[in-house]
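Geometric and topological summary
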Amino acid sequence: FVTLNNLDEDEVRRILDLRLSPLYVSLHSTDPGLRSRLMGGNARRGLEVLDRLAGAGLEIHLQVVVCPGINDGEALERTMEEVLNRYRPASLALVPVGLAHASRERSLCLPDRDDAARAIELVAAFRDKALRETGEGVFQASDEFYLLAGVALPPAEDYDGYPQLENGVGMARKFLDEMDQEKARMGGEARCDRSACIITGKAFAPLLAGALDGLPGGEPDLVVPGNRLFGESVTVTGLLCGEDVVEGIKGAGSRPGRILMPDTLLNEGRFLDGKTLEDVERETGAEVVALPVRGEALIRALAGMPWEDEGDRYRRPW
């Protein structure tokens, strides 16, 4: 995502001339003063550029990082109303402010269950409004809001083709649906290797456990580590570190043969704390398999089968 705040005139003209899109823009607020508070002195410039790009008909996807007590409530309603009437983007996603931001600024705090529920209700209301007025749903909420509020995920069709999947919008729904589809396709072959365990974050663990229920051979062990680097309030899987995985395995009390985890925990082969797969294997005595974040890959891995994707960077045979 870009802010558009620092684009000069030549850069704006180049985007317009080349019709560069889709564009992913951090909006946060349509109120110039509030956006400046959140983003700095050039934030007004970003709104001016957004007006021009939207007016030219470019495909634009927006995000609003919801900061409780700052750009939520009535301010958020005004932003969503203006987005619908003025910019007509391809999508707008509400995502919760993260710990890294909140820890740097005292005026920022993490959303709680009630904040998440209000964000979901607002998205539902504006999505209905957008469908009536434009035929497009436009508005979505990130998975974190649903998990935090304890509200059921929307169906796949509400994600309009998942335009903001990498922003954590619809990833859980897509993953769970892929698991169900692969289990149905494999039939009796969709069995569980009880020597394997799955690493997951606290937020996703209940949904994953439900999706794994009923696998032939029994359910695999879910290991839900705490987050030692960012703190226990961070419950998403993607921010777990190598040491978290090691401590989670040791605390589980059993010694798995294989540890299955999403490859999003790795960046160029390393966890956020610098540990490598080899470090974790050495410290746990188990093989670590980094899987792509796709439901069918997990189901096939549990059955001891390879997944078909030559582009998987950390794919390993076993």
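Here's what I pulled together on the structure shown here. (Residues numbered from 1 in each chain as written. Predicted model: local features only at pLDDT ≥ 70, side-chain atom pairs only at ≥ 80, totals over all residues. Heavy atoms only, no water.)

1. Thoughts on the environment of L176
To be explicit about the condition: Each helix is a run of H or I in the DSSP string that is no shorter than four residues. Each strand is a run of E no shorter than two, and both are numbered from the N terminus. Relative accessible area decides the class of each residue, using a 1.4 Å probe on protein chains only: under 20% of the type maximum gives buried, over 50% gives exposed, and in between gives partly exposed. In what follows, residue pairs with any heavy atoms lying within 4.5 Å of each other are defined as contacts.
Note that L176 resides in helix α8 (residues 171-186). Using a relative accessible area of 8% as the deciding quantity, one classes L176 as buried. The spatial distance from the C-alpha of L176 to the C-alpha of E268 is 26 Å, given a sequence separation of 92 residues. If we ignore the near neighbours within four places in the chain, the residues touching L176 are L153, F204, L207 and A211.

2. Some thoughts on the packing of helix α1 (residues 9-18) against helix α3 (residues 43-55)
Formally: With axes taken as lines fitted to C-alpha atoms, and helix axes fitted only over the stretch in contact, angles between N-to-C directions fall between 0 and 180 degrees. Each angle receives one of four descriptions, namely roughly parallel if under 35 degrees, roughly antiparallel if over 145, roughly perpendicular if within 65 to 115, and oblique otherwise. What makes a crossing left-handed is the near helix being turned counterclockwise from the far one by less than a right angle; a clockwise turn instead makes it right-handed. Amino acids outside the nonpolar list (Ala, Val, Leu, Ile, Met, Phe, Trp, Tyr, Cys, Pro) and the charged list (Asp, Glu, Lys, Arg) are all regarded as polar, and Gly is one of them.
Relative orientation of the contacting elements α1 and α3 amounts to 25°, with a least axis distance of 11 Å. One finds that α1 runs roughly parallel with respect to α3. Two packed elements cross with a definite hand, and for α1 against α3 that hand is right-handed. Here E9, V12, I15 and L16 of α1 lie close against α3, whose contacting residues are R45, V49, R52 and L53. Classifying every residue of the contact of α1 with α3 by side-chain character gives 5 nonpolar, no polar and 3 charged.

3. A word on the environment of D160
To be explicit about the condition: In the analysis that follows, any N or O atom pair within 3.5 Å is treated as a polar contact, provided that within protein one partner can donate a hydrogen and the other can accept it, and provided that, for residues neighboring in sequence, both atoms belong to side chains.
With respect to the helices and strands, the residue D160 is situated in the loop between α7 (143-149) and α8. Spatially, the C-alpha atoms of D160 and V138 are 8.1 Å apart, while their sequence positions differ by 22 residues. Look past the residues within four positions of D160 in its chain and what remains in contact with it is R127, G137, V138 and Q140. One polar contact links D160 to Q140, side chain to side chain, over a distance of 3.5 Å.

4. Considering the packing of α8 against helix α12 (residues 295-302)
Axis separation between α8 and α12 bottoms out at 7 Å; the angle between their running directions is 45°. Classified by the interaxial angle, the pair formed by α8 and α12 is oblique. Crossing handedness for the pair α8 and α12: right-handed. Residue-level inspection shows F175, E178, M179, E182, K183, R185 and M186 of α8 in contact with α12, the latter providing G295, E296, L298, I299 and R300.

5. Brief notes about the nonpolar core
Stated precisely, the cut-off is as follows: Residues enter a nonpolar core if they are buried and are Ala, Val, Leu, Ile, Met, Phe, Trp, Tyr or Cys, with the set joined through side-chain atoms within 4.5 Å.
Of all hydrophobic cores here, the largest spans 65 residues; its most connected members are L92, L94, F139, M179, L260 and L298. Ignoring anything within four residues of it in the chain, the contact list for L94 reads V64, V66, L76, M80, A119, V123, Q140, A141, S142 and F145. I199, V223, I259 and L265 belong to the second largest nonpolar core, which has 17 residues in total.

6. Section: the sheet that holds strand β8 (residues 287-291)
Heads up, the condition is: Pairing between two strands is assigned when DSSP locates at least 2 bridges connecting them.
Taken in spatial order, the 4 strands line up as β6-β5-β7-β8 in an open sheet, and their pairing is parallel. Of all the strands in the sheet, the pair left with one neighbour each is β6 (221-223) and β8. For this sheet, the mean angle separating the axes of adjacent strands, direction not counted, is 30°. In this structure, strand β7 (residues 258-262) lies alongside β8, joined through 5 bridges in parallel fashion. Looking across to β8, one finds that P262 is bridged to L291. Seen against the sheet, helix α9 (residues 205-212) touches β5 (196-199) and β6 and runs at an angle of roughly 165° to β6.

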